[in-house]
Amino acid sequence: MARKLKVFRTPAGFHDAYVAAPSRKAALAAWGATADLFARGAAEEVTDPALMEAPLATPGEVVKRSRGTAEEQLAAAPPVRAKSPKSKPARDKPASPAPRSSPAPRSSPAPRPSRAELTATEAALEDATSRHAAERKDLAQRLAALQREQRAAEQRWRKEAAKLEEGRDAARRRYDAAIADWRG
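What comes next is a walk through the structure. (Residues numbered from 1 in each chain as written. Predicted model: local features only at pLDDT ≥ 70, side-chain atom pairs only at ≥ 80, totals over all residues. Heavy atoms only, no water.)

1. What to know about the overall build of the chain
When helices and strands are counted, the chain shows four helices and four strands. Reading the chain from its N end, one meets helices and strands in the order β-β-α-β-α-β-α-α. The buried share of the chain, reckoned over its 184 residues, is 11%. The long-range share in the chain, meaning contacts at least 24 apart out of those at least 6 apart in sequence, stands at 51%. Here the chain has roughly 16500 Å² of accessible surface; of this, 56% comes from carbon and sulfur atoms. (Helix = DSSP H or I, 4+ residues; strand = E, 2+ residues; numbered from the N terminus. Buried < 20%, exposed > 50% of the residue type's maximum accessible area, 1.4 Å probe, protein only. Contact = heavy atoms within 4.5 Å. Areas by Shrake-Rupley, 256 points an atom, 1.4 Å probe, with all protein chains shown as cover.)

Below is the structure:
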């Protein structure tokens with residue numbers, strides 16, 4: 001008899017992740033959790049029939065449900081601070097003199113580094129990976145064909161060996177009978 005399913009819930013960002021599973025361990029596995037969320041208080045069993053309906057319809061699959069409207073979630077978020085102005089107000093203490101060995105400030109920012117080499121090596125890696133995958137697939141198909149050929153050869157050998165053994169046994173019986181007649 002199949003074990004009775006329970007519904008479990010854990011928060012996942014702005015959603016709650018529900019899963020119908022036979023045990024807490026199975027629920028943790030479905031969520032992909034590496035820690036015991038139940039022991040930490042981050043997961044719980046659900047008993048509300050309205051919340052249990054969707055997960056029980058798809059046991060073992062994680063069902064996400066939003067914890068409120070976008071407006072409610074934005075209202076619950078901490079207020080966003082205004083960005084400070086670019087120019088900072090002058091401080092009361094005087095600025096320290098620059099050290100004598102400091103380099104002269106640049107008049108313009110350095111150009112952004114080129115991404116061309118990184119892009120080219122990423123493309124080469126992707127190309128090599130796809131070629132390797134195609135080669136592995138071809139080798140697997142060839143290996144399967146060779147294994148089929150080997151099985152067919154073994155079957156032919158067994159049939160041929162059985163016929164030859166029958167012929168040998170019949171020839172031995174005839175020879176033994178002829179020897180027995182000859183000896184008298």
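2. A few points about the sheet that holds strand β4 (residues 63–66)
Read across the open sheet, the four strands follow the order β3-β1-β2-β4; overall the sheet is antiparallel. Taken across any chain shown, the strands that pair with only one partner, and hence form the sheet edges, are β3 (44–46) and β4. On average, adjacent strands in this sheet sit at an angle of 35 degrees to one another, irrespective of strand direction. Where strand β1 (residues 6–12) meets β3, three bridges bridge the pair, whose relative direction is antiparallel. Bridge assignment links V7 to a residue of β3, and that residue is V46. (Pairing = 2+ DSSP bridges. Axes fitted to C-alpha atoms, helices over the stretch in contact; angles between N-to-C directions.)

3. Topic: the pattern of salt bridges
One side chain can pair with another of opposite charge once the charged atoms of both are near each other. Following the criterion strictly, the structure yields six salt bridges and no others. Notably, a salt bridge pairs R9 with E44, separated by 2.2 Å at the nearest N-O pair. Residue R9 is found in strand β1, and its partner E44 is found in strand β3; the two are separated by 35 residues along the sequence. The exposure class assigned to R9 is partly exposed, which follows from its relative accessible area of 21%. With its nearest N and O atoms 2.9 Å apart, the salt bridge here joins D16 to R67. Here R67 lies in the loop between β4 and α3 (70–76) and D16 lies in strand β2 (residues 15–21), a separation of 51 residues in the sequence. With a relative accessible area of 45%, R67 lands in the partly exposed category. (Salt bridge = Lys/Arg side-chain N within 4 Å of Asp/Glu carboxyl O.)

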